Amino acid sequence: MKKKVLSLLVKNHSGVLSKIALLFTRRGYNIHSLSVGTTENPKRSRMTIEVIEDSKMMDQIIKQLKKLLDVIEVNCHTKEDSVIQDLCLIKIKITGAEETNKIIVLAREFNVPIVNFSENSMIVEFVGRERKMEDFLACLKDFEILEYIQTGVTAMKKN
């Protein structure tokens, strides 16, 4: 089984997310991550759904999604034909100048902005591919992570 990323262009009104989530639930499909937002057209929303399923299951999921009246378009994304990004916010405990400097250097190396700085912690914002995020998190293993939140993936076809 592999991670697959789907994006759905859907009508932007209440109940659409529930209908799609119910389709996954009734069929026993697991949603690994989900993100939803409005598009350039306020009457439309884009849903990005990451699932872990085999190819046969994925074909079935796509067919069932296309049957829903509120679904306008369904795309399956790959690393080759799409930009697939994650976002996470990480609050890191800081106890002194030396530790603070190490985190600042690390953030610069990964091109990760520091979005909040306080006396006892800083919050960094990571946006990028999953593998790069895993590498960044591995570099933070010597620091105390106070809080961590990750959005679902977002994807867009390159062409």
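For the structure, see preceding data.
Peer 1: What exactly am I supposed to notice about the overall build of the protein chain here?
Peer 2: Check the secondary structure of the protein chain and you find four helices and nine strands. Going residue by residue from the N terminus, the α and β elements of the protein chain occur as β-α-β-β-α-β-β-α-β-β-α-β-β. Summarising its shape, the C-alpha atoms of the protein chain cover approximately 60 × 35 × 30 Å along the three principal directions. Every one of the 159 residues in the protein chain was classed for burial, and the buried ones make up 36%. For the protein chain, contacts bridging at least 24 residues in sequence account for 74% of all contacts bridging at least 6. Treating the 25 positive side-chain charges of the protein chain as one cloud and the 21 negative ones as another, the clouds have centres 10 Å apart.

Peer 1: For this particular structure, what's the right way to read the nonpolar core?
Peer 2: Counting residues in each nonpolar core, the largest one holds 17 residues, and the members touching the most others are Leu6, Leu8, Val10, Ile20, Phe24 and Leu65. Elements supplying a minimum of two residues to this core: β1 (2-11), α1 (16-27), β3 (44-53), α2 (55-67) and β4 (71-77). Aside from chain neighbours lying at most four places away, what touches Leu6 is Met47, Thr48, Ile49, Met58, Ile61, Ile62, Leu65, Asn75, Cys76 and His77. Grouped together as the second largest cluster of nonpolar side chains are 16 residues, Ile90, Phe126, Leu140 and Phe143 included.

Peer 1: Sorry if this is basic, but what is going on with the packing of α1 against α2 here?
Peer 2: Each pair of packed helices can be summarised by the angle the axes make with each other and by the distance between the axes. Packing of α1 against α2 brings their axes to within 11 Å, and their N-to-C directions diverge by 140°. Viewed along their axes, α1 and α2 adopt a mutual orientation that is oblique. Both α1 and α2 take part in a crossing whose hand is right-handed. Here α1 contributes Ile20, Leu23, Phe24 and Arg27 to the contact with α2, which in turn contributes Ile61, Gln64 and Leu65. Residues of the contact of α1 with α2, tallied by class, amount to five nonpolar, one polar and one charged.

Peer 1: Any chance you could explain a nonpolar patch on the surface here in plain terms?
Peer 2: On the surface, a cluster of nonpolar side chains totalling about 240 Å² of accessible area is made up of Leu17, Leu34 and Val36. Tracing the chain through its elements places Leu17 in helix α1. Judged by its relative accessible area of 42%, Leu17 falls in the partly exposed class.

Conventions we followed
All residue numbers refer to positions counted from 1 along the written sequence of the respective chain. Local features in this predicted model are restricted to residues whose pLDDT is 70 or higher, and side-chain atom pairs enter the listing and the counts only when it is 80 or higher, whereas totals over whole chains, interfaces and linings include all residues. Side-chain numbers come from the whole structure's heavy atoms, not from hydrogens or water. Strands here are runs of E lasting at least two residues and helices are runs of H or I lasting at least four, both read from the DSSP assignment and numbered beginning at the N terminus. Each residue's exposure class comes from its accessible area (1.4 Å probe, protein chains only) as a fraction of the maximum for that residue type: buried when under 20%, exposed when over 50%, partly exposed otherwise. The contact criterion used throughout is that any non-hydrogen atoms of two residues lie within 4.5 Å. His is not counted, nor are the chain ends, whereas Lys and Arg count as positive and Asp and Glu as negative. To locate a charge, take atom NZ for lysine, CZ for arginine, CG for aspartate or CD for glutamate. The criterion is simple. A nonpolar core is a set of buried Ala, Val, Leu, Ile, Met, Phe, Trp, Tyr and Cys residues joined through side-chain atoms within 4.5 Å. Axis lines are fitted through C-alpha atoms, for helices just across the contact stretch, and the angle between N-to-C directions can take any value from 0 to 180 degrees. Any angle that falls under 35 degrees is termed roughly parallel, while one over 145 is termed roughly antiparallel, one within 65 to 115 roughly perpendicular, and all others oblique. For a crossing to be left-handed, the near helix must be turned anticlockwise from the far one by less than a right angle; the clockwise case is right-handed. In this classification, the charged set is Asp, Glu, Lys and Arg, the nonpolar set is Ala, Val, Leu, Ile, Met, Phe, Trp, Tyr, Cys and Pro, and all remaining amino acids, among them Gly, are polar. Each patch is assembled from residues with relative accessible area greater than 30% and no salt bridge, linking like charges that lie within 9 Å and nonpolar side chains (Val, Leu, Ile, Met, Phe, Trp, Tyr) that lie within 5 Å. Only the protein chains shown count as covering a residue, and every accessible area follows the Shrake-Rupley method with a 1.4 Å probe. Within this document, salt bridges are pairs made up of a side-chain nitrogen of Lys or Arg and a carboxyl oxygen of Asp or Glu, the two lying within 4 Å of each other.

Note that all results are geometric; they support no functional claim without further evidence.
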